[in-house]
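Geometric and topological summary
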Amino acid sequence: MSTESSNDESRDTQLRADALEYHRSPTRGKIEVVATKPLSNQRDLSLAYSPGVAYACEEIAADPNMAAEYTSRANLVAVITNGTAVLGLGNIGPLASKPVMEGKGCLFKKFAGVDVFDLELDEMDPDKLVDAIAMLEPTVGGINLEDIKAPECFYIEKKLRERMNIPVFHDDQHGTAIISTAALLNALKVVRKDIGQIKLCASGAGAAAIACLDMMVLLGVKRENIFVTDSRGVIYLGREANMEANKARYAQATDARTLSDIMHGADVFLGCSTAGVLTGEMVKSMANQPVILALANPEPEIRPEVARAARPDCIIATGRSDYPNQVNNVLCFPYIFRGALDCGATRITDEMKLACVTAIAELAEAEASDVVASAYEGQDLNFGPEYIIPKPFDPRLLAAIAPRVAQAAADSGVAARPILDMAAYRDKLAQMIYHTGFFMKPVFTKAKARARRVAYAEGSDRRVLRAVQTVVDEGIARPVLIGERAKVERAIKDAGLRLQADSDYTLVELEGDATLQGARLLKSGEVDALICGMQGSYDSHLVHVQEEIGTAPGVGVLAAMNALVLDKYTLFITDTYVNDQPTAPELAEIARLGAAMLRQFGLEPRVALLSHSSLGSSQRPSARRMREARELLKASAPDLSVIGEIHGDAALSEEIRDIYKIEDGFAGSANLLVMPSLDAANILFNVLKVAAGKGVTVGPILLGAARPVHILSPSATVRRIVNMTALAAAAVE
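Residues numbered from 1 in each chain as written. Predicted model: local features only at pLDDT ≥ 70, side-chain atom pairs only at ≥ 80, totals over all residues. Heavy atoms only, no water.

Section: the layout of surface pockets
Gaps left between atoms show up when a probe the size of a water molecule is rolled over them. Of the volumes computed, that of the second largest pocket is approximately 490 Å³. Around the second largest pocket sit 22 residues that line it, and A705, A706, R707, P708 and A731 are the ones nearest its centre. When residues of the lining of the second largest pocket are traced back to their parent elements, those giving at least two are helix 24 (584-600), strand 20 (697-703) and strand 21 (709-711). Looking at which element gives the most residues to the lining of the second largest pocket, the answer is helix 24, with 4 residues. Looking at the lining of the second largest pocket residue by residue, the classes come out as 15 nonpolar, 4 polar and 3 charged. Summarising the domain contributions, the lining of the second largest pocket has at least three residues from each of domain 4 (434-550 + 705-732) and domain 5 (557-698). (1 Å grid on protein atoms, 1.4 Å probe; cavity = no way out; pocket = protein on both sides within 12 Å on 5 of 7 lines; lining within 4 Å. Points joined across faces, edges and corners; volume = space filled by probe spheres on them. Helix = DSSP H or I, 4+ residues; strand = E, 2+ residues; numbered from the N terminus. Nonpolar A, V, L, I, M, F, W, Y, C, P; charged D, E, K, R; others polar. Domains from an automatic or database assignment.)

See the structure below:
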């Protein structure tokens, strides 16, 4: 076995172990059901259950539409499978498919705030499956069918659409169809070809392929210009082997029998089949500026580099995240359901799907906002051959797609609760995306593009080494370990890691204080960033950073900021470690530094200066400092959205601000909380981390330093070290 093959096998083994541990710990599985109302006293119990619940039941009995007001049904989707066609795994059965369905539920929640029940049904009979799913209508507001094999999936969806009065959506079909059609529309714009004149050849005739073809026909591709192959070859008129109605619709009167035969002169290739079926020779035979949608996962029908070697003028999209133009269903399904649920759609119509197509296509053409450009720094976001569809983590997707879908539902007469103020609805959606835990994704993207040298002061710490293994595998940075060679090598061996000196990391022999040594390496330019703090007190590391690195030009203060992803909020809290009682000018500068960091995450900062006082209600010194900081921010950062001094609950809730008639021109929830003291900040962060912070915690993030350096804490996890490595690497100019 070659060294490269051995390394790949070892990497796969470790990935498997890491993935299993991720699913097992700290809580088994990826989802849970939580109550949205308090049950803390007898009064709550009487409202939630007997006798108070009877009133809600009576309202719904009198008017079924009231279920949207008094229950979670209008925000609840059932993700349903029988496990017969799980992506990349095949017919593994319903039980084994459950991790995939739970993962789908996580994406619904994170990207669009939609709640999910995942239901894995042990039923292979299509009619019995239809009966079982149809009985769920009183429970959920929508049905997302997933990983059900063709041709049964066509029949099941059709029957459910006929029987149910809620949206039914088979994502494998329509999600792929929507994204690939948006990609096709934009690719044809780039090459200036008429959709009604192109020749399209498809490899694959399963659920996804047929749905893609149907959508493309709806947009203008001529059926007579479409040629399709499956595992038996070309689908032609008169063929009997392995034919069914959905395939037969695309049968052609042709003597061609292989994919190679039909590819001559083709303008577009659509692949929903298997790896490697499209060769460079076939691509050479295509028309000028061919469009290739190679969507097989995890390995496409042809690799982009092979396609471009054959035809440098081609435009290619795949399902992979490591190439441009990723066709990813997450661009669609959360948002089409968000729009459908919010308007009470009774079904998902062709008009709604087309609205989704055009919204996605138009977003790729739109000029990237500052937030998006910052989030994907180093990548070409200009509409063209390598940017024909938006990035999956573009924060504009929700507000761009869901309103168009809701409007299309109203226009096509299926919206039970049409949205009357669409502008207000867009604003509400735009704020939702900032409460997700995906804010680290752009940071990782930026870090990978830069591959900077990151030093780790505690180079023999096993947590550090596990993190470094991930950093190496994912190409986040080039690690430099400070430590004693024997200890580092022994720790790597004991941890069962694959790290190899000189190739995977550079070792710098420890000479005295590791953080001081690391700071001097950073100061001299021998490394680009530094991670320290895994052992000892924060202050003991900070003194070396202050003496060796200092503050950035024009910055007068260092500060620490921690981030928390909670169920409803993503919050950044300052100053958690550095300044005991910051002055008003220091508070203003900390707010500006924190806001700049949020923009590196691709987030638009909304700053709250928190206090026991609310807009002048107290004259205590801490309240006066927060008020003065606000005035300083008005002068120094007039474009920054700031509220304060203000109570913590009012900073997060427009409803509370309305009760107290606080009108300060501040919309939505604050995401950057500037605290009046170190004690307040540190206590708030640590309480929230344990009480509610089940998701991502990032930090401490050191603000204001002349070079990227972050001082962690002894409780830092492997995940947090990886996050901070990406953040440090991404910040290097």
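There's plenty left to go through after this.
Some details on the pairing of strand 13 (residues 506-509)
For a regular strand, the rule is simple: side chains alternate between the two faces of the sheet. Of the pairings in the sheet, the one linking strand 12 (residues 478-483) to strand 13 comprises 4 bridges and is parallel in character. Residue I482 lies in a different strand from strand 13, and its bridge partner there is V508. Tracing the backbone out of strand 12, into helix 21 (residues 485-494) and back to the parallel element strand 13 gives a crossover that is right-handed. (Pairing = 2+ DSSP bridges. Right-handed = clockwise from strand over helix to strand, strands pointing away.)

Some points on the packing of helix 9 (residues 207-219) against helix 15 (residues 350-365)
Where helix 9 meets helix 15, the closest approach of the two axes is 11 Å, and the angle between their N-to-C directions is 85°. With respect to helix 15, the axis of helix 9 lies roughly perpendicular. Contacts between helix 9 and helix 15 involve M215, L218 and L219 from the former and D350, K353, L354 and V357 from the latter. (Axes fitted to C-alpha atoms, helices over the stretch in contact; angles between N-to-C directions. Parallel < 35°, antiparallel > 145°, perpendicular 65-115°, else oblique. Contact = heavy atoms within 4.5 Å.)

Some thoughts on the environment of T274
Note that T274 resides in the loop between strand 8 (268-271) and helix 12 (280-284). With relative accessibility at 45%, the residue T274 sits in the partly exposed group. For the pair T274 and V718, spaced 444 residues apart in the sequence, the C-alpha separation amounts to 36 Å. What T274 contacts, discounting residues up to four positions off in sequence, is A296 and E301. (Buried < 20%, exposed > 50% of the residue type's maximum accessible area, 1.4 Å probe, protein only.)

Describing the UniProt feature "active site" (unreviewed entry) in the protein chain
The UniProt entry lists K104 under the feature "active site" (unreviewed entry), expressed in the numbering used here. Note that K104 resides in helix 5 (residues 94-112). K104 sits in the buried class, given a relative accessible area of 6%. In contact with K104, other than residues within four places in its own chain, are V79, N144, E146, D171 and F333. (UniProt positions renumbered as here; feature names shortened; annotations may be inferred.)

What to know about the sheet that holds strand 21
The 5 strands are arranged 13-12-11-14-21 in an open sheet whose pairing can be described as parallel. Strands at the two margins of the open sheet, each flanked by one partner only, are strand 13 and strand 21. Strand-to-strand twist in this sheet, taken as the mean axis angle between neighbours without regard to direction, amounts to 20°. Judged from the 4 bridges that link them, strand 11 (residues 453-456) and strand 12 form a sheet pairing that is parallel. Bridging across to strand 12, Y456 finds its partner in L481.

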